[in-house]
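# Report on the structure
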Amino acid sequence: MAMAQDELKRAVARAAVAHVPADCIVGVGTGSTANFFIDELGKIKHRIRGAVASSEASAKRLQGHGIEVVSLNDAGSLPVYVDGADEITRHLHMIKGGGGALTREKIVAAASRKFVCVCDASKLVDVLGKFPLPIEVIPMARSYVAREIVALGGQPRLRAGFTTDNGNLILDVLGLSILNPVELETALNNIAGVVTNGLFARRPADVLLLGTENGVQTLTA
């Protein structure tokens, strides 16, 4: 099954390359599907100027392919950002952050004109929330934020032994059935001490490349 899933991820990664304009700086996500995309980018590196990475891990992989990694501050607005998701709906709202890079992913997505999400079919859901929702928190606010989340009906769990690239902690929240992702994303971000949360609904994907047994399907919002 894992092999089949990897084949689906590789197929969507190949399809995503078609969305990368020539001579651009491309935004790159984090995680297993994003890694396949980085490997595909390596094959066309002569056609791009460089990449903005959403994590230290992705930066290392890009550099391993000889692709120049540019800081977002130097790159400015990006034409396209390619990343995976832990869950995505047909409205192209997502939960991201299983790999812990949600804040930088959200920043790069916000700075990009087009967000292309690459997933295998197992990630497509009707309602978000089965996958625990990651929330990046400032360490001193951990307990306070957890109490606020309990008040909202969630069950927060500290991600043990994990620190983000920004030096913060992650609470993974179980028990949420997220019927209004835009509203919940805003409410969670308004809790003092929350850096950001893994709901990508206010800035959803523009295109979903979904790897299925019948090939890559393209969905738009």
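An account of the accompanying structure is given in this report. These numbers come from a predicted model, not from an experiment. (Residues numbered from 1 in each chain as written. Predicted model: local features only at pLDDT ≥ 70, side-chain atom pairs only at ≥ 80, totals over all residues. Heavy atoms only, no water.)

Here the focus is the overall build of the chain. If you tally the helices and strands in the chain, you get 7 helices and 13 strands. For the chain, the C-alpha radius of gyration of 17 Å lies close to 17 Å, the compact-globule estimate for 221 residues. In terms of overall dimensions, the chain has a C-alpha envelope of 50 × 40 × 30 Å along the principal axes. Within the chain, the proportion of its 221 residues that are buried is 51%. For the chain, long-range pairs separated by at least 24 residues make up 72% of all intrachain contacts whose partners lie at least 6 apart in sequence. Accessible surface computed for the chain: about 10,000 Å², of which carbon and sulfur atoms make up 52%. For the chain, the centre of its 23 positive side-chain charges and the centre of its 22 negative side-chain charges are spaced 1 Å apart. (Helix = DSSP H or I, 4+ residues; strand = E, 2+ residues; numbered from the N terminus. Rg over C-alpha atoms; globule rule 2.2 N^0.38 Å. Buried < 20%, exposed > 50% of the residue type's maximum accessible area, 1.4 Å probe, protein only. Contact = heavy atoms within 4.5 Å. Areas by Shrake-Rupley, 256 points an atom, 1.4 Å probe, with all protein chains shown as cover. Lys, Arg positive; Asp, Glu negative; His and termini not counted. Charge placed at Lys NZ, Arg CZ, Asp CG, Glu CD.)

A cluster of nonpolar side chains, namely Ile138, Met140 and Val195, defines an oily patch on the protein surface of about 300 Å² accessible area. Position of isoleucine 138 among the secondary structure elements: in the loop between strand S7 (133-137) and helix H6 (142-151). Here isoleucine 138 falls in the partly exposed class, since its relative accessible area comes to 36%. (Patch = residues over 30% accessible without salt bridge, like charges linked within 9 Å, V, L, I, M, F, W, Y side chains within 5 Å. Salt bridge = Lys/Arg side-chain N within 4 Å of Asp/Glu carboxyl O.)

So, on to the environment of glutamate 213. Residue placement: glutamate 213 occurs in the loop between strand S12 (207-212) and strand S13 (215-220). Residues glutamate 213 and alanine 4, spaced 209 residues apart in sequence, show a C-alpha to C-alpha distance of 8.9 Å.

We now examine the nonpolar core. Of all hydrophobic cores here, the largest spans 25 residues; its most connected members are Val20, Val26, Val28, Phe37, Leu41 and Leu62. Within the residue set of this core, elements represented by two or more residues are helix H1 (2-17), strand S1 (25-28), helix H2 (32-43), strand S2 (50-53), helix H3 (56-64), strand S3 (78-83), strand S6 (112-120) and S12. (Core = buried A, V, L, I, M, F, W, Y, C linked by side-chain atoms within 4.5 Å.)

This paragraph deals with the pattern of salt bridges. Scanning the model with the defined rule gives 11 salt bridges in all. Between arginine 10 and glutamate 7 there is a salt bridge whose closest N-O contact spans 2.9 Å. Taken together, the positions of arginine 10 and glutamate 7, both in helix H1 and 3 residues apart, correspond to about one turn of that helix. Between glutamate 105 and lysine 96 there is a salt bridge, and its shortest N-O distance comes to 3.2 Å. With respect to burial, glutamate 105 and lysine 96 carry one shared label: buried.

You can see valine 108 is positioned in helix H5 (residues 102-110). Distance in space between the C-alpha atoms of valine 108 and alanine 75 is 11 Å, their sequence separation being 33 residues. Among residues more than four places away in sequence, those in contact with valine 108 are Gly27, Val52, Ser54, Leu72, Leu78 and Tyr81.

Moving on: unusual backbone geometry. Only a minority of non-glycine residues have a phi that is not negative, and only a minority of peptide bonds are not trans. Even without glycine at this site, aspartate 23 takes up a positive phi of about 60°. Considering the arrangement of structural elements, one finds aspartate 23 in the loop between H1 and S1. One non-glycine residue, leucine 92, lies in positive phi territory at about 65°. By the element assignment, leucine 92 lies in the loop between strand S4 (87-88) and strand S5 (94-95).

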